[in-house]
Amino acid sequence: MSSISILHRACLRLALLPLPPLRARATALRPPPLRRHLHLPHRSAMSTAASRLSHIAAATGAGGGAAGESNEPPPAGPAAAQEDDGLLSGDMGYRLPPKEIQDIVDAPPLPVLSFSPNKDKILFLKRRALPPLSDLAKPEEKLAGLRIDGNSNTRSRMSFYTGISIHKLLDDGTLGPEKEVNGYPVGARINFVTWSQDGRHISFTVRIDEEDNKSGKLRVWIADVESGEARPLFKSPEIYLNAIFDSSVWIDNSTLLVCTIPVTRGSPPQKPSVPSGPKIQSNETKNVVQVRTFQDLLKDEYDADLFDYYATSQLVLASLDGTVKPIGSPAVYTSIDPSPDDKYLMVSSVHRPYSYIVPCGRFPKKVELWTVDGKFIRELCDLPLAEDIPITMSSVRKGKRSINWRADKPSTLYWVETQDGGDAKVEVSPRDIVYMENAEPINGEQPEILHKLDLRYAGTSWCDESLALVYESWYKTRKTRTWVLSPDKKDVSPRILFDRSSEDVYSDPGSPMLRRTDMGTYVIAKIKKQDGSTYVLLNGMGATPEGNVPFLDLFDINTGSKERIWESDKEKYYETVVALMSDKTDGELSLDQLKILTSKESKTENTQYYLQTWPEKKQVKVTNFPHPYPQLASLYKEMIRYQRKDGVQLTANLYLPPGYDPSKDGPLPCLVWSYPGEFKSKDAAGQVRGSPNEFPGIGATSPLLWLARGFAILSGPTIPIIGEGDEEANDRYVEQLVASAEAAVEEVVKRGVAHPDKIAVGGHSYGAFMTANLLAHAPHLFCCGVARSGAYNRTLTPFGFQNEDRTLWEATSTYVEMSPFMSANKIKKPILLIHGEQDNNSGTLTMQSDRFFNALKGHGALSRLVILPFESHGYSARESIMHVLWETDRWLQNYCVNSASKADSDSVADSENKTLSASGGSAAREALGPEGSSYLPRSLL
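Since we're looking at a predicted model, the values are computed, not measured.

Conventions and cut-offs
Residues numbered from 1 in each chain as written. Predicted model: local features only at pLDDT ≥ 70, side-chain atom pairs only at ≥ 80, totals over all residues. Heavy atoms only, no water. Helix = DSSP H or I, 4+ residues; strand = E, 2+ residues; numbered from the N terminus. Contact = heavy atoms within 4.5 Å. Pairing = 2+ DSSP bridges. Core = buried A, V, L, I, M, F, W, Y, C linked by side-chain atoms within 4.5 Å. Buried < 20%, exposed > 50% of the residue type's maximum accessible area, 1.4 Å probe, protein only. Expected span 1.5 Å × (residues − 1). Salt bridge = Lys/Arg side-chain N within 4 Å of Asp/Glu carboxyl O. Axes fitted to C-alpha atoms, helices over the stretch in contact; angles between N-to-C directions. Phe/Tyr/Trp six-rings, centres within 6.5 Å; stacked < 30°, edge-to-face > 60°. pLDDT = per-residue confidence, 0-100. Polar contact = N/O pair within 3.5 Å; in protein donor to acceptor, adjacent residues only side chain to side chain. Parallel < 35°, antiparallel > 145°, perpendicular 65-115°, else oblique. Nonpolar A, V, L, I, M, F, W, Y, C, P; charged D, E, K, R; others polar.

(A) View of the overall build of the protein. Scanning the protein from N- to C-terminus turns up 13 helices and 51 strands. Look at the contacts in the protein between residues 6 or more apart in sequence, and 64% of them connect residues 24 or more apart.

So, in structure tokens, the structure goes:
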């Protein structure tokens with residue numbers, strides 16, 4: 001579950017896309033309004049710990065619904081929702097929100113940008129708007145934690161591109177004329193776009209939907225970048241991509257290694273009409289196996305056979321001249337990673353025995369080393385089934401993990417092995433050991449120890465034989481360290497470069513920028529000044545008490561001295577360094593020839609990209625994207641600061657509608673949307689994150705949409721749950737939650753922008769959990785709530801949730817006190833529950849909302865449950881999203897805009913509860929609609 005406050009800033013950050021370790025990657029930027037992405041053609045050169053851009057997820061927003069219509073006031077006023085048509089709780093049919101919201105959501109999406117390896121060309125990958133519900137309604141198999149479209153043999157619900165165009169990036173930084181890629185079928189759905197290493201070709205997949213709304217299989221296509229002409233890679237029309245795990249990877253400039261559906265594969269296995277026996281799981285060996293609440297798991301042997309059927313691939317070498325060569329035997333290959341010198345393949349696969357209690361990521365895993373033409377060399381590891389990874393944070397799988405190629409060497413492997421059995425509760429030193437060895441050891445040489453770590457290994461950034469950075473961290477203490485190593489110089493001892501708290505954003509020194517090598521890998525860039533001194537470039541977010549001020553520093557690894565060579569504007573704009581553009585040659589880069597790509601935005605100006613060159617630091621605008629929602633271009637945004645009663649400093653983003661004047665218009669109805677976070681330190685919890693100058697990104701279900709309906713929006717007010725020292729944060733969850741909410745409400749009321757009786761609260765996932773708890777424990781603050789895709793009964797997640805790693809039996813009182821389900825009798829304010837019928841997020845089963853709603857209804861609470869057919873944890877179909885917005889708008893109009901005063905509503909609620917109790921509950925059933933009315937049937941785990 002990810003923070004909604006981060007989600008709503010998604011278009012204001014750049015993020016490395018979650019890519020498998022393939023060879024040639026596309027460098028891509030996704031502009032606003034939804035989110036921006038940077039595709040870097042990078043391999044294992046940089047760990048996730050080294051990336052400053054990897055913490056952003058897709059932008060999502062608010063949802064809603066309504067109930068108790070027989071007692072609710074009619075809509076009124078100029079901003080009232082559309083007429084509710086006498087809806088009962090079981091009525092069906094998708095609705096549309098008011099036009100001012102529709103227009104924002106239906107705005108055409110901007111393209112994704114993908115840079116060539118040499119940074120001299122850009123692909124514009126065109127997208128469609130929201131998908132129709134029919135896309136989600138396609139049949140899918142739920143197997144081993146995956147959702148599979150059996151017709152296309154891919155993960156189900158994949159988004160796609162609708163077209164590709166190419167622009168040259170001219171020497172002056174401007175874009176050349178557009179060139180359309182052509183030759184593929186009209187209406188094609190395009191995926192898996194990658195550049196060849198020399199940038200002369202791109203590969204991509206094409207699928208065409210068949211009749212009866214069935215997905216077509218994926219075929220691999222190749223396009224010549226110079227001409228734009230595209231053609232199928234395989235001459236045979238019977239060779240299709242298997243994209244359940246890996247897809248394809250460039251081996252060299254003219255050859256791809258492709259995961260294909262075996263041509264000899266027959267029809268899917270048929271489910272037996274009569275089972276061969278009962279389903280049995282046994283623990284007669286008395287193993288301690290604790291697992292989180294995973295979903296979509298294998299259920300029986302038939303599911304296991306079906307998983308094998310769809311996930312098994314045949315690897316095929318395919319040249320651009322049409323030559324095709326199958327290599328290896330069919331297997332469930334999960335990743336294929338060529339060595340930097342293109343001589344070897346590191347091939348990973350999973351195999352039986354499978355598990356019914358954990359997803360495929362924990363199945364037995366084999367990693368082998370092959371020659372590039374498929375000849376087996378040796379087995380690197382064969383890890384057993386990992387059902388017993390402890391739930392304690394920082395626990396890991398036993399055996400070799402994080403096996404990768406050194407980015408600065410032709411064919412050197414490195415990996416890490418735990419010394420504590422993977423159990424974070426075991427005290428041992430060292431805890432992890434990092435090893436490395438040649439792909440083919442000579443004369444029986446043993447793996448070399450690169451470094452020993454007392455915390456948990458968190459990644460490596462390579463530079464050359466004299467420099468590598470190794471990262472380690474520990475969740476319980478939030479400690480993080482960066483080590484400096486000379487990997488090939490045995491006489492130089494490792495030393496700590498940075499030793500700090502991961503929560504302390506003010507002390508974050510930044511992460512090293514990477515450059516591309518001739519081998520196509522990415523390593524730490526070394527920068528040389530005219531005096532001959534050498535530095536690395538540290539790219540940081542620059543958190544300060546006034547907000548983030550991103551920077552670029554020249555940093556001397558040996559002395560620790562640094563020189564700031566670039567910094568974001570502080571007054572009006574928010575700028576970030578996106579990528580190093582002057583990395584076309586090996587060796588050290590001259591500072592005088594430095595070229596970087598930056599982004600620039602403000603509160604009212606959407607993100608654009610610029611090239612900046614040294615020594616003049618000349619800035620050239622590359623893009624000119626239109627404002628995604630001009631009707632809100634003049635909205636008001638302010639990062640506000642206030643204090644909780646225990647002294648913790650809090651922040652939030654306050655948004656006000658265009659043209660609002662508090663002295664003339666008075667206080668507004670207000671929607672508070674947030675997501676709690678855990679901290680070990682009060683000081684760290686009070687630090688400012690984000691920038692007051694960031695552009696307000698508005699996703700398809702963002703709470704900011706209600707600016708168009710005249711609401712004040714308090715987005716992402718910090719709600720830190722702090723456990724200092726040996727104290728666990730969740731032991732005082734409710735107390736700190738309520739204190740944070742009280743401070744936020746007091747602040748917006750004191751400012752005169754929010755009406756004290758018309759403040760609603762909402763959130764998604766853990767934010768929904770927060771919402772329900774606030775209505776139960778702080779009813780004096782809010783007039784109603786909107787809770788989407790939440791988990792409300794922690795006894796249904798007994799082996800941990802969110803960042804809680806104690807079990808129900810170890811922290812019973814905490815689990816019970818945190819569960820709003822246990823306080824359903826205290827909820828007197830209207831609450832709207834929304835949930836995807838096919839939610840596959842760990843812990844947030846649809847059953848959570850079902851049972852919570854039943855508990856609320858059992859106590860006469862004014863509530864409504866909306867179940868969205870085919871939707872998962874986040875919502876994607878246009879029909880679903882529009883209906884969520886309609887439900888939310890209707891709820892906010894009826895129970896926030898038109899709400900009675902707190903005193904009156906509390907009096908009415910007390911009176912209603914007495915009446916319902918005296919009448920045996922029949923009045924409640926009449927008010928809320930017939931019990932058991934017509935929701936779509938669904939199976940619950």
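(B) Focus on the sheet that holds strand β8 (residues 154-155). What the 3 strands build is an open sheet, ordered β6-β7-β8; its pairing is antiparallel. The open sheet is flanked by β6 (141-143) and β8, the only strands paired with a single partner. One ladder, built from 3 bridges, connects β6 with strand β7 (residues 146-149); its direction is antiparallel. Paired with E141 across the bridge in β7 is I148.

(C) Focus on the nonpolar core. Residues L714, Y733, L774, F782, L833 and F852 are the most contacted members of the largest nonpolar core, which totals 62 residues. At 9 residues, the largest contribution of residues to this core is made by helix α7 (residues 733-750). Not counting residues up to four positions away in its chain, the partners in contact with F852 are A772, Y792, P820, F821, A824, I827, I831 and L833. L635, F695, W706 and I881 belong to the second largest nonpolar core, which has 36 residues in total.

(D) Structural detail: the environment of I449. By the secondary structure assignment, I449 is in strand β25 (residues 448-453). Here I449 falls in the partly exposed class, since its relative accessible area comes to 41%. A sequence separation of 16 residues divides I449 from I433, and the C-alpha atoms of the two residues are 7.1 Å apart. Excluding its chain neighbours within four sequence positions, the residues that come into contact with I449 are I433, V434 and Y435.

(E) Structural view of α7. In this model α7 runs 26 Å from its N-terminal to its C-terminal C-alpha over 18 residues, within 8% of the 26 Å that 1.5 Å per residue would give. Most of α7 is tucked away, with 13 of its 18 residues classed as buried. Downstream of α7 by a residue or two, G752 has a phi angle that is positive, lying close to 80 degrees.

(F) Structural detail: the pattern of salt bridges. Tallied over the full model, the rule gives 54 salt bridges. The partner of R189 in a salt bridge is D135, with the nearest N and O atoms 3.2 Å apart. Of the two residues, R189 is situated in strand β11 (residues 189-195) and D135 in helix α3 (residues 133-136); the sequence distance between them amounts to 54 residues. Since its relative accessible area comes to 11%, R189 is described here as buried. A salt bridge links D300 to K271, with the shortest nitrogen-to-oxygen separation between them at 3.6 Å. Here K271 lies in the loop between β16 (255-260) and α4 (301-311) and D300 lies in the loop between β16 and α4, a separation of 29 residues in the sequence. The class of K271 is exposed, set by a relative accessible area of 52%.

(G) Structural context of the sheet that holds strand β23 (residues 412-418). Across the sheet, 4 strands lie side by side as β22-β23-β24-β25; this open sheet has antiparallel pairing. Here the strands that pair on one side only, and so sit at the sheet edges, are β22 (400-405) and β25. If you compare each strand with its neighbour and ignore which way they point, the axes differ by 20 degrees on average. Pairing between β22 and β23: 4 bridges, direction antiparallel. Among the inter-strand pairings, R401 is bridged to a residue of β23, identified as V416.

(H) How the structure looks around unusual backbone geometry. A cis amide bond links R352 with the next residue in sequence, P353, at an omega value of 5 degrees. Within the fold, P353 resides in the loop between β19 (344-350) and β20 (365-371). Although it is not a glycine, N443 adopts a positive phi angle of roughly 55 degrees. Tracing the backbone shows N443 in the loop between β24 (432-438) and β25. Using a relative accessible area of 79% as the deciding quantity, one classes N443 as exposed. The backbone of F870 sits at a positive phi, close to 70 degrees, despite the residue not being glycine. Within the element layout of this structure, F870 appears in the loop between β51 (863-868) and α11 (878-897). Residue classification places F870 among the partly exposed residues on the basis of a relative accessible area of 32%.

(I) Expanded view of the packing of aromatic side chains. Tallying each qualifying case throughout the model produces 20 aromatic pairs. Seen in terms of ring centroids, F245 and F307 are 6.4 Å apart; in terms of plane orientation they differ by 80 degrees. Their pairing is edge-to-face. On the criterion of sequence distance, the pair formed by F245 in the loop between β14 (230-232) and β15 (248-252) and F307 in helix α4 is long-range, its members being 62 residues apart. With a centroid separation of 5.2 Å and an interplanar angle of 15 degrees, the aromatic rings of Y766 and F769 are classed as stacked. Of this pair, Y766 and F769 are both found in helix α8 (residues 766-777), 3 residues apart, which corresponds to roughly one turn of the helix. Taking the relative accessible area as the measure of exposure, F769 reaches 0% and is therefore buried.

(J) Region of the structure containing the confidence of the model for the protein. With 85% of its residues at a pLDDT of 70 or more, the protein shows a mean pLDDT of 87. Contacts for the low-pLDDT stretch residues 1-86, under 50 throughout, to residues beyond four places or in other chains number 329 contacts. Considering only residues more than four positions removed or in separate chains, one finds that residues 902-941, a stretch of pLDDT under 50, has 57 contacts.

(K) Region of interest: the environment of I377. By the element assignment, I377 lies in strand β21 (residues 376-383). Residue I377 is classed as partly exposed on the basis of its relative accessible area of 24%. Taking the C-alpha atoms as reference points, I377 and A439, 62 residues apart in sequence, are found 9.2 Å from one another. Leaving out residues up to four positions away in the same chain, I377 has contacts with Y344, L369, W370, T371 and E440.

(L) Structural context of the side chain of D432. Position of D432 relative to the elements: it lies in strand β24. Given a relative accessible area of 0%, D432 falls into the buried group. Looking at D432, its side chain comes within polar contact range of the side chain of R401, at 2.6 Å. In this structure the side chain of D432 is engaged in a polar contact, spanning 3.1 Å, whose partner is the side chain of R456.

(M) Region of the structure containing the pairing of β19. Of all 7 residues in β19, 7 are buried, a share of seventy percent or more. The alternating pattern of β19 places Y344, M346, S348 and V350 on one face and L345, V347 and S349 on the opposite face, and all of these are buried. What sits between strand β18 (residues 324-338) and β19 in their antiparallel hairpin is a turn of 5 residues, with D342 showing a positive phi close to 65 degrees. Summarising the sheet, β19 and β20 pair through 7 bridges and their orientation is antiparallel. By the bridge assignment, L345 is partnered in β20 with W370.

(N) Here's a closer look at helix α10 (residues 846-858). The end-to-end C-alpha distance of α10, which contains 13 residues, comes to 19 Å, matching closely the 18 Å that a straight helix rising 1.5 Å per residue would cover. Counted residue by residue, α10 has 10 buried out of 13 residues, so it is predominantly covered. Looking at α10, one finds that the buried residues are T846, M847, Q848, S849, D850, F852, F853, A855, L856 and K857.

(O) Inspection of the packing of α7 against α8 at higher detail. Two numbers describe how α7 lies on α8: the axes approach to 10 Å, and their chain directions differ by 85 degrees. Classified by the interaxial angle, the pair formed by α7 and α8 is roughly perpendicular. Residues Y733, V734, L737, V738 and A741 of α7 form the contact with α8, whose own contacting residues are Y766, F769, M770, N773, L774 and H777. Class assignment of the residues belonging to the contact of α7 with α8 gives a composition of 9 nonpolar, 2 polar and no charged.

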